[in-house]
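Observations on the three-dimensional arrangement
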Amino acid sequence: MKISLNHIRYYRNQYDWSDDPAPSGIDALVEKIGAQLGAVEEVEDLGQKYRDIIVAKVVNCVDHPDSDHMHVCKIDDGGKAQDAERDENGLVQVVCGAPNVREGLLVAWLPPGSTVPESVGKDPFVLGARELRGVMSNGMLASAKELALGDNHDGILEIDEASAKPGDDFAATYQLDDYIIDIENKMFAHRPDCFGMMGVAREIAGIQGQAFKSPEWYRTDVLIETPSAPSLKLTVRNELPELVPRFVAVAVADVTIKPSPLWLQINLLRLGVRPINNVVDQTNYYMLLTGQPLHAYDYDKVRTLDSGDGATLVVRNPKPGEKIGLLNGKEIEPRAEAIMIATETKSIGVGGVMGGAETEVDEHTKNIILECATFDMYSIRRTAMAHGLFTDAVTRFNKGQSPLQNLAVTDRIIHDILESAGGKVASELIDINQVQGREWVHLPVPVTIAFINERLGFNLSADEMKTLLENVEFSVAVDSDTLTVTAPFWRTDIETREDVVEEVGRLYGFDKLPLELPKRSIKPAEKDSLFELKSQVRAALAKAGANEVLTYSFVHGDLLRKTGQDPDEAFQIGNALSPDLQYYRLSLTPSLLDKVHMNIKAGYDEFALFEIGKTHGKSQTDEEGLPKEFERLAFVFAANSKQAAKAAGAPYYVARTYLVQLLELFGIWERCTLIPLKDADLGTQPFFLQVVKPFDPERAAAIYDGQRILGVVGEYTASTRRALKLPAHSAGFEFGLNLILQNPSDGSGYAALPRFPKVTQDITVKVPASVSFQSLFDLLQTELAKTQPEQVLASLDPIDIYQREGDVTHKQLTFRLTIASYEKTMTDAEATKVLDAMATAAQKQCGAERI
Amino acid sequence: MVMTYQNPKVQGAAGLLKGRFADLANKADILKAVELKALYAEIPQLPDDQRGVFGKELNMLRAELQQLVNEAGEQAEVLPAIDVTAPFDVNVPADKRPSFLPSQHGSKHPLMTELERVLDIFYRMGFNAIESPEIDDDYHMFGALNFPEGHPARDDYDTFMTTQTDKNGKPLIAPAHTSTMQNRVLRKYAGNLEKGEPIACLIPGRVFRNEDLDARHEHTFYQLEGVYVGKGVHAGMLVATLKTFLQEYYGKELDVATQPFYFPFTEPSFEFSLSCPFCDKKGCNVCSYAGWIELLGCGMIHPNVLREAGMDPEVYTGFAWGCGLDRLVLMKNNIEDIRHFESGKLDFLRQFS
């Protein structure tokens, strides 16, 4: 929202120009606006741009002796320019090529040393005195374009201000000694009044502790004078009273359409609005001033669309398949619920959004219809969104403009149109009004001063609060400690006591809030166990050389398919701008694997990545009925062929090593087993079935904690590897972190240290290759527990797994028994006895042969 | 499928190349065989009427060889079963068994490192923590937060929506703010208030905005929501709490300032700024030479939000804020492109080893 400081100044105190809104300078004002009204995005110093320009009169104008279009002019600048070269009459010579330059014309003269306003902020062009085809020219006479006042470069700007005289400051003449302050729109999302200059002027006065008074014409409903015998017949029918609470229209006959006076054009331009003509400019000006969008139609164009003798405006929804060509040159088929303005036969505008091209006011227009209506903010918003039409009118209507200002605004604008375009009011004033009394404004709010002070930490009196509110035209009744606050009609946002709290706090100044920390007890804050667990995992894996990554929660359907997952199980994003974000991910592994190839290519021979994140699947919901969230940890280890050649054994075992380290950290490895994925009962949960899809059933294992499957560890399927260009030497795991929390460790696993020396002995057994390590190890452990002497601490560790060349049907496993007693020194014979028993059991149960 | 070829030269080459294929170590090399190239080179020399037929047969041979290469590849990729229960592989000497990668290469993600720091400070300030979900419903995203249906303020959140719907028939939503947890946190800890203790909770979470990516904009980022509710809580406490946190976080005295703002779920609402901790208001590229950094949105929790969570706004008041985590990390490390965070690039990640 751009505001002009001069507009603020004009409306601030009943047009009292001497009341400066920035008495302590612009910086102080901008700071105050930021602290008490809303963030200022930009401040533009217009005055700086126009400071050297002087109003001058062309006294003499002759053709240039050496040019077919240039003129040599003598201008009177009232002797203002200090260093200009003058003739004996005190006139300055300027060469000008504009076709419209002529004697008697008042022009904007840029004296030598001044900068062309158009070039300010780009590539500043400073004028001098120089010869043009042999004739000296001092500075230049400027066109509107060169003055950065529109696009017109057909000729020089003609100053039309009656009171202007040579030597006047051009900036002062058009109040261009101004600042344009751009305040963030978001600030005013609930403030329709602040989308008008007058509303902002009121607020600025309010935060400066000054009473603002809206002009008389705005505060009262004035009915314009209408002819007793209308010369133009105008009918309005509102078929959408719910969506259009007020529709005011009136016809004006015999207008003369021409460019607006310069001051009005400049007033629009400084706020970024392009001047069109003397009627459209007035509608835009009043919108900028009051926040009330207006629209003007060419009466005769409207009338001739129907066969009747007058013009009819119908407020209705579009007819099926109906299209409309808009003022922006585009044609749309409006959404079925859009509010259309139509004649009896066809639509001529999208109400509150944009007018139609067919009934536009142009230079041939003789009669006009002026519309001042109020449209439902939600409907306007949806229509604007549906068609991408974000106009100044939409910005204002979708904040909820008050329908109580329509008559005042209509009266005032008609007054100004008659003044600038001539003509006369030619129809009755049509006011289709669904608004009953003050219903649009919320009821008076009773609130105690304690309620306000408690929420702000202030200690304001009732009178202080009353003054603050009355400064911005609230009416406030004080009854001991209670204020009854009635908002003015333009404040549609004041509904609750908290709204009044905000108002008082803001007007008084939030920068005065007392900074005071809440009191607290010494009770420790409760820690979240999931955050703690994640933090542990992160530290452990980073210490083990792995790198934590974060990848997107959404994936392309192709990534799911590449890893064997079924997109039908995943929640689908319906409106993503990017095709890479089609589905919520079913597991983290595909996203993680997607980051492997690029890092190999980037020159990393060997690395491990992990991610902690949430996954979702359609098949499970939580107690709120929302999709259940699964907290997961995924890990991948990868090495390129060069690095893999240095390693020995399958990559599976690297992933397994990392996994076991974590499970040991959680203190649950003792009770976990790894079950070959192809043999594991994964249950019927379709979602978990998706998690294991990227893993090779022959070279992966389900992680089982004795009660449930926590996750999966292993290498990836050939198709996954191929599709994601994974190196052959890659493996990883994924498991549920919330499952770890549900089954926490039951102890540290610490055993007291025996005082007596330990004995170690190895045992090697040869078993059929089909016997799994785990089954043999479990068997040996069981036997150890059975046969070990009392009061010992014994452990059995795998030392070697070996397969003889040429014998693929067997393998040999070597284990080391370490045993120590709490009571005495162990002998080798005692250890041997245990090993013998273990060998016998292994022989019996799985055909093991002791080597 | 074994093809037969009409042209004797092609038929001859087919026999020769298929014979050689069996012995090739790199099967794909068969496609680069000189014999094949030589035959292709003959095409331009042939009379016009023979050229087409010959070329077609040659292409068929090439396709057949390609097929053989593909099949061989897939067979080679399917690996034999391993004993997944063993701690290490067969015939691997002790010094080559799996070990961890060098510790100095490991890293935590910078966003997570920072999150842990922030959590730690708030723990010490008496806040507990709870994470926000990544999929939620319209009610928690908007309804519970005083955004009426169709309200323009909803436009400020470009939400991702699923094609699946919630129990009210509305699309599920990828939350655009961590405020989705406000209602849940207020309900969960309502007991605190009865015991005369405040609700003090920090809610970190991943949030989403459906917008195009560039160096400054991510569709995925992290937010830190704070909620504090109790008796006699006023707006000055909000400012003091945030100031205290930021001074602890940056380890120095800071100035703070508020600007009025509008959020449907707080009243009054503020935009909160701090004096630039990197230049102490002298001006630097982090603060764009403004000396101040606009950091977060905050405000006093709207009575409708309290009421929606079953609380009496007459008795209890509170404040809430939402701060971007990514921004803190970008500023702290002078990171030039926000997209690095979710890129998975080791070039980036290992700088945080």
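Here the structure is a predicted model, which is why all the values come from computation and not from measurement.

1. Section: the overall build of chain A
- For chain A, the helix and strand inventory stands at 26 helices and 38 strands.
- The principal-axis extent of the C-alpha atoms belonging to chain A is close to 130 × 75 × 65 Å.
- For chain A, the proportion of its 851 residues judged to be buried stands at 48%.
- When contacts within chain A are restricted to residue pairs at least 6 apart in sequence, long-range pairs at least 24 apart make up 72% of them.

2. So, the interface of chain B and chain A
- Contact with chain B, which involves 97 residues of that partner, is made by 105 residues of chain A.
- The leading source of residues in the side of chain B that touches chain A is helix 8 (residues 235-250) of chain B, at eight residues.
- The residue inventory of the side of chain B that touches chain A, partitioned by class, reads 49 nonpolar, 26 polar and 22 charged.

3. Some points on the sheet that holds strand 10 (residues 179-183) of chain A
All names here are of chain A.
- Taken in spatial order, the three strands line up as 1-10-2 in an open sheet, and their pairing is antiparallel. Edge positions in the open sheet fall to strand 1 (2-4) and strand 2 (40-45), since each of these has one partner strand only. Across the sheet, the mean angle from the axis of one strand to that of its neighbour is 20°, orientation sign disregarded.
- Pairing analysis gives five bridges linking strand 2 to strand 10, with the strands arranged antiparallel. Bridged to V40 within strand 10 is I183.

4. A short note on the confidence of the model for chain B
- Confidence along chain B averages 91 in pLDDT terms, with 98% of residues attaining 70 or more.
- Reported confidence for the predicted complex is 0.86 by ipTM and 0.86 by pTM.

5. Description of helix 1 (residues 8-21) of chain B
Residue and element names in this part refer to chain B.
- The end-to-end C-alpha distance of helix 1, which contains 14 residues, comes to 20 Å, matching closely the 20 Å that a straight helix rising 1.5 Å per residue would cover.
- Turning to helix 1, its buried residues number three or more, namely A13, A14 and L17. Here the buried residues of helix 1 occupy an arc of 110° about the axis, which is enough to place them on one side. Turned more than 90 degrees away from the buried face of helix 1 sit P8, G15 and G19, all of them exposed.

6. Things to note about the domain arrangement of chain A
- Structurally, chain A comprises domain 1 (2-47 + 179-214), domain 2 (52-173), domain 3 (234-433), domain 4 (445-512), domain 5 (529-742) and domain 6 (759-850).
- In this structure, domain 5 of chain A and domain 6 of chain A have C-alpha centres spaced 34 Å apart.

7. Let's talk about the pairing of strand 7 (residues 266-275) of chain B
Residues and elements named next belong to chain B.
- The buried count for strand 7 comes to nine of 10 residues, which makes it a mostly enclosed element.
- Pairing analysis gives seven bridges linking strand 6 (residues 256-263) to strand 7, with the strands arranged antiparallel. Bridging across to strand 7, A257 finds its partner in S273.
- One ladder, built from eight bridges, connects strand 7 with strand 8 (residues 292-301); its direction is antiparallel. Residue pairing for strand 8: F270 is matched across the bridge by C298.

8. Focus on the environment of G299 of chain B
Residues and elements named next belong to chain B.
- Of note, G299 is situated in strand 8.
- Along the chain, G299 and L254 lie 45 residues apart, while their C-alpha atoms are 20 Å from each other.
- With residues near it in sequence (within four places) discarded, G299 still touches F263, T266, E267, P268, S269, F270, F319 and A320.

9. Quick notes on the domain arrangement of chain B
- You can read the domains of chain B as domain 1 (8-77) and domain 2 (110-352).
- The distance between the C-alpha centroids of domain 1 of chain B and domain 2 of chain B comes to 64 Å.

10. Some points on the environment of Q182 of chain B
All names here are of chain B.
- Considering the arrangement of structural elements, one finds Q182 in helix 6 (residues 182-188).
- For the pair Q182 and K252, spaced 70 residues apart in the sequence, the C-alpha separation amounts to 30 Å.
- Beyond its immediate stretch of four places on either side in the chain, Q182 contacts L145, V227, V305 and A320.

Rules used in this analysis
Residues numbered from 1 in each chain as written. Chains lettered and ligands numbered in written order. Predicted model: local features only at pLDDT ≥ 70, side-chain atom pairs only at ≥ 80, totals over all residues. Helix = DSSP H or I, 4+ residues; strand = E, 2+ residues; numbered from the N terminus. Buried ≥ 20, exposed ≤ 12 C-beta atoms within 10 Å, placed from the backbone. Contact = placed C-beta atoms within 7 Å. Nonpolar A, V, L, I, M, F, W, Y, C, P; charged D, E, K, R; others polar. Pairing = 2+ DSSP bridges. Axes fitted to C-alpha atoms, helices over the stretch in contact; angles between N-to-C directions. pLDDT = per-residue confidence, 0-100. Expected span 1.5 Å × (residues − 1). Arc of directions from axis to C-beta. Domains from an automatic or database assignment.

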